[in-house]
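The residues making up each chain are set out below.
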Amino acid sequence: MYFVDYIVDTEASKVSARGTATFTWKATNQSWDEVFTYVLGFDGDRKVKSYEVWADTGAAHLASQRKLK
């Protein structure tokens, strides 16, 4: 897993980081390359209040069913 860039939005108190990785569904041994985004939201005390992962859930589902091509 590698993070290739990030953006800090001080007005919205959020940080967004884009990463790339190759994932493998161990039960089926099917792998896929993916670009994903993490978005962290912070409160006034700089504590994480939200954590979002934006990724390709379809690829994970297909890998779990041995249907990736």
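First, a word on scope: everything that follows refers to the structure included in this document. (Residues numbered from 1 in each chain as written. Predicted model: local features only at pLDDT ≥ 70, side-chain atom pairs only at ≥ 80, totals over all residues. Heavy atoms only, no water.)

**Describing the overall build of the protein**
Stage number 1. A count of helical and extended segments in the protein gives one helix and four strands.
Stage number 2. Taken from the N to the C terminus, the helices and strands of the protein come in the order β-β-β-β-α.
Stage number 3. Compactness check: the protein gives a C-alpha radius of gyration of 15 Å against a globular reference of 11 Å for 69 residues, more than 25% above the reference.
Stage number 4. A principal-axis box enclosing the C-alpha atoms of the protein has dimensions of 45 × 20 × 15 Å.
Stage number 5. Split into buried and exposed, the 69 residues of the protein put 19% on the buried side.
Stage number 6. Total accessible area on the protein is roughly 5,500 Å²; 52% of this is exposed by carbon and sulfur atoms.
Stage number 7. Positive and negative charge centroids in the protein, built from 9 and 9 side chains respectively, lie 10 Å apart. (Helix = DSSP H or I, 4+ residues; strand = E, 2+ residues; numbered from the N terminus. Rg over C-alpha atoms; globule rule 2.2 N^0.38 Å. Buried < 20%, exposed > 50% of the residue type's maximum accessible area, 1.4 Å probe, protein only. Areas by Shrake-Rupley, 256 points an atom, 1.4 Å probe, with all protein chains shown as cover. Lys, Arg positive; Asp, Glu negative; His and termini not counted. Charge placed at Lys NZ, Arg CZ, Asp CG, Glu CD.)

**Digging into the environment of Val8**
Stage number 1. Residue position: Val8 is located in strand β1 (residues 2–9).
Stage number 2. Considered as a pair, Val8 and Leu62 are 54 residues apart in the sequence and their alpha carbons are 33 Å apart.
Stage number 3. Not counting chain neighbours up to four residues away, the residues in contact with Val8 comprise Lys14 and Val15. (Contact = heavy atoms within 4.5 Å.)

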